[in-house]
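Observations on chain architecture
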Amino acid sequence: MGRFIVNRVFSMGITLLLVITITFALMHAIPGGPFTREKALPPAVMKALEAKFNLDQPLWRQYVDYLGGVIKGDLGPSFQRTGVTVNKLIEEGFPISAKIGGLSVLLVLILGVPIGIISALKQNKWQDQLAMFLATLGVTIPSFVLGTLIIYIFSAKLGWLPSYGLKSWKHYIGPVIALGGFSLSFVARLTRSSMLEVLQQDYIRTARAKGLSEFVVVGKHALKNALIPVVTYVGPLVAAILTGSFVVEKIFAIPGMGKHFVESVGNRDYTVLMGITIFYAIFLVVMVLLVDITYGLIDPRIKMDE
Amino acid sequence: MVRRSLTLILVMMLMITTVTGCGGNNQTEPQENQSEQATREETKEGSVLIWNLRTEPKTIDPQLNSAADGGHVINNTFEGLMREIDGKLQPAIAESCDVSEDGLTYTFHLRDAKWSDGKPVTAQDFEYAWKRALDPNLVPEPAEYAFQLFYIKGAQDAYEGKGALEDVAITAKDDKTLEVTLNAPTPYFLALTGFYTYMPVRADVVEKDPENWARNPEKAISNGPFKVTAYAMGDRIVLERNENYWNADKVKIDKIEALMIVEESTALTAYEADELDVIDQLPVQEIPRLKAEDPTFAIWPQVGTYYYIFNVNKKPVDDIRVRRALTLAIDRKAICEKIAKGGQLPATGFTPPGLLDADGNEFQKVAGDYYIDPNGAKIEEAKKLLAEAGYPDGKGFPEITVIYNTQEANKAIAEAVQEMWKQNLGIHVKLQNQEWAVCQDARHHGNFTIARAGWLGDYADPMTMLDLWLSYSGNNDCQWNNKEYDEFIEGSKLLTGKERFGLLYKAQDVMMETNIVMPIYYYTRPLMVKERVKDWQRTKMGHWFFGQASIE
């Protein structure tokens, strides 16, 4: 187990280095720089700005300097927001995104897994059909449509929910549903199909034959194995949802990380773009590691040696 | 069966308890809810104005700002020597102003005004602020809008590193007297002193934290009707009444919340649900409905032009006849009414309405329509020109591409133009959308044949539009180089009144006759303000001012 984690951390380091290198290269390859403006800047100003952000250095030098900063945990200053560092931007944006994302993940787990289980146990009955109809709908409706619909129906027409911001608990309802809608449906379908598969296996038949209560059969024996694909999906989902969704944040006017990220692409705010990418990458590899560790906890047969 | 259902319920409960066990972070929310209701109640009492700024300003430091969003905020937090109220220039921090006979030296006499921390506003504060804008080594970065001060003697040299800041002709004679000498008589100089780049800042405040002072509520000391009291990145800026403002009696609003809702349809929903009082960015597709149904909907003029530029070095648009044919073959009225829909006006020249000449006449009206018919296409004339250029009925016309920056409205207009050229001239052009920065880059470097462009005026004089086409202008994306044009513009800088405008009219004639741009429409600004908000102001250049507004 210890060796497994050491190995994984090492390979994570390499993954991150690759991510940084590729993002850095791609970013500098797209036309237009951070100081491309509608009204062209005087050459003197351009020079001063480039010097300030070290953009006058050769590319390899910028790369090495940047890497050095990242290792020290310094993601540099934002090019487009005077006096704001990338660390500060993440510090302010991440908790907001994570709060909505966390609630969405909860929603996905609390509703998605039980719905999947019920559907599997009531296979082809009305409960199953209703749940799967809704789940198919949920998988096919993109979050921007769902978000806009929620605003249109509940804010504009009915006036039940506020339309922007995050002041009260009511403000969270729309974004959390819009953000979690797809995953909720997906997890319900995933749980259902893997549950069905597990329920047909011999050991379940054995358990039932032994006269174990249905609660123990489903809750103890079937659920554990049925949850493995769900865990696989939920790990990266947590990373993706917690770091913010541009679409949902834009529609509901939430000042989270997703908003900063997409704006940074349009603005060529190199450091913000890089910083958020790295942050996301770290989050993602850590989640994948946790998923792998969880496998072992759920099913001891899965070995950690590889 | 009953047992099965029971099992299910138990499993569900198990799931719920385990999962919620991990995350009970919802306890604080009822309180937040109360505070939210409190804000709304205050609004009903009539003291809080909620306004959608839409985008987060890069900065709200008067000298560093160069964008409209920052300009809106600064116009409410700072006050310059003059201020535009109801479209007229009125003395603000300056009580009076003497102009020397040659029109070169301005002496401003300051009134007793105070900063938000109670200290007096002095002439030295202005001197410091103006020189700060011109400092090429300014921390955190040189001011992008320094050129707004280039009318002042020595200013341009200092900014470009050819002269010293001390030699710039801005002098605080004493605490209350500011003297400025200009290069040439500039009729709109007084109007400029109301512009944000000219607003005062305090040396001791700025130097404590040059990058962040304006955004930091503890350090943001200003002299306008409001002061910054909270700043949440990407979310909102909160402004509160500045008790020390010299004209504080006129300020009726206690608090302004400037929000950053990027999505136009969300902002509109919020407005219609009474959660917002002021918006000026509306979804295009909603405009016809709002126009018909909402009495608070209004279309304001905006000094700016939407046009296509030709790269005069690229075939086939290096031929003036081709450019003219393309320009004549589109129906501007149809584009404005059927596609843009925001009350835009067909453009027949480059300088938009809203800018006056020495006699007080609209520059745009006096300049005339040139060869363009605002109400439709001139198909026959266009066809004839195209034939003369060697492409009768569009035969043999090379395949060219029109680039535009990605945006629904730009796309719709580009498609209409494409269709009109096809119908009227028999030529086919390709369209290519480019992401904003990519399109900018292509235009600046001349990597295009025809490109979409737009220009909004910075100050109330045709020069704000016309100096774009100077051969050495960094914004001359047409790659056009014309000595005669340069001479007219340069010459106008040394003259005043009618003579000056004579040259400006001639300059526009040259650029329009060579047809380097294809004007499409003059911008307008659809906006909505709740009826309960009274006496709000919007300057000619499109900046909000709430310093005399009230809420009923």
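Residues numbered from 1 in each chain as written. Chains lettered and ligands numbered in written order. Predicted model: local features only at pLDDT ≥ 70, side-chain atom pairs only at ≥ 80, totals over all residues.

Operational definition: UniProt positions are given in the numbering used here, feature names are shortened, and annotations may be inferred rather than shown by experiment.
An unreviewed UniProt entry annotates chain B as Oligopeptide transport system substrate-binding protein originating from Marinisporobacter balticus. Taken verbatim from the UniProt record of chain B, the Sequence similarities (unreviewed entry) comment is "Belongs to the bacterial solute-binding protein 5 family." Here is the UniProt Subcellular location (unreviewed entry) comment for chain B, exactly as written: "Cell envelope".

Named according to an unreviewed UniProt entry, chain A is Oligopeptide transport system permease protein originating from Marinisporobacter balticus. UniProt lists a comment for chain A under the heading Sequence similarities (unreviewed entry), and it reads "Belongs to the binding-protein-dependent transport system permease family." Quoted verbatim from the Subcellular location (unreviewed entry) field of UniProt, the annotation for chain A is "Cell membrane".

**Brief notes about helix α11 (residues 332-340) of chain B**
All names here are of chain B. Selection rule: Counting other C-beta atoms within 10 Å of each residue's C-beta, where C-beta atoms are placed from the backbone, gives the exposure class: buried for 20 or more, exposed for 12 or fewer, partly exposed between. Helical segments are the DSSP runs of H or I of at least four residues, strand segments are the runs of E of at least two, and each set is numbered from the N terminus. Picture the helix axis, draw a direction to every C-beta atom, and the arc is the one those directions span. Contacts are defined on C-beta atoms placed from the backbone: any two residues whose C-beta positions lie within 7 Å are in contact.
Buried within α11 are the following residues: Arg332, Ile335, Cys336 and Ala340. Viewed along the axis of α11, the buried residues span an arc of 95 degrees, placing them on a single side of the element. Buried-residue contacts for α11 involve β13 (345-346), α14 (408-425) and β17 (517-529). Positioned one or two residues after α11, Lys341 has a phi angle of 65 degrees, which is positive.

**What to know about the domain arrangement of chain B**
All names here are of chain B. Heads up, the condition is: What fixes the domain bounds is an automatic or database domain assignment. Only Asp, Glu, Lys and Arg are considered charged, only Ala, Val, Leu, Ile, Met, Phe, Trp, Tyr, Cys and Pro nonpolar, and every remaining residue, Gly among them, polar.
Annotation of chain B at the domain level lists domain 1 (2-29 + 50-223) and domain 2 (300-525). Here domain 1 and domain 2 have C-alpha centroids that lie 33 Å from each other. Broken down by class, the residue content of the side of domain 1 that touches domain 2 amounts to seven nonpolar, one polar and no charged.

**Describing the packing of helix α6 (residues 143-157) of chain A against helix α7 (residues 169-199) of chain A**
Residues and elements named next belong to chain A. Filter applied, for reference: For every element, the axis is a line fit to its C-alpha atoms; helices are fit only across the contacting stretch, and the angle between N-to-C directions ranges from 0 to 180 degrees. Angles are sorted into four bins: roughly parallel if under 35 degrees, roughly antiparallel if over 145, roughly perpendicular if 65 to 115, and oblique for all others. By definition, turning the near helix anticlockwise from the far helix through less than a right angle yields a left-handed crossing, and turning it clockwise yields a right-handed one.
The geometry of α6 relative to α7 is characterised by a closest axis approach of 9 Å and an angle of 150 degrees between their N-to-C directions. For the element pair α6 / α7, the angle class is roughly antiparallel. Note on packing geometry: the crossing formed by α6 with α7 is right-handed. Of the residues in α7, those touching α6 at Ser143, Leu146, Gly147, Ile150, Ile151 and Phe154 are Gly174, Ile177, Ala178, Leu179, Gly181 and Phe182. Residues of the contact of α6 with α7, tallied by class, amount to eight nonpolar, four polar and no charged.

**Here we look at the UniProt feature "domain: ABC transmembrane type-1" (unreviewed entry) in chain A**
On the UniProt side, "domain: ABC transmembrane type-1" (unreviewed entry) is annotated at positions that read residues 94-295 of chain A here. Between the C-alpha atoms that bound residues 94-295 of chain A there is a distance of 28 Å. The span itself is 84% helix and 0% strand.

**Structural notes on the sheet that holds strand β4 (residues 94-99) of chain B**
All names here are of chain B. Note the following rule: Pairing between strands is defined by DSSP: at least two bridges between the two strands are required.
Strand order in this open sheet of four strands is β4-β5-β7-β6, and the pairing throughout is antiparallel. Of all the strands in the sheet, just β4 and β6 (170-174) have a single pairing partner and so form its edges. On average, each strand axis in the sheet is inclined to that of its neighbour by 20 degrees, with strand direction left out of account. Here β6 pairs with strand β7 (residues 177-181) via four bridges, running antiparallel. Counted as the bridge partner of Thr171 is Glu179 from β7. Contacts from helix α4 (residues 123-134) reach β5 (105-110), β6 and β7, with the element oriented near 170 degrees to β6.

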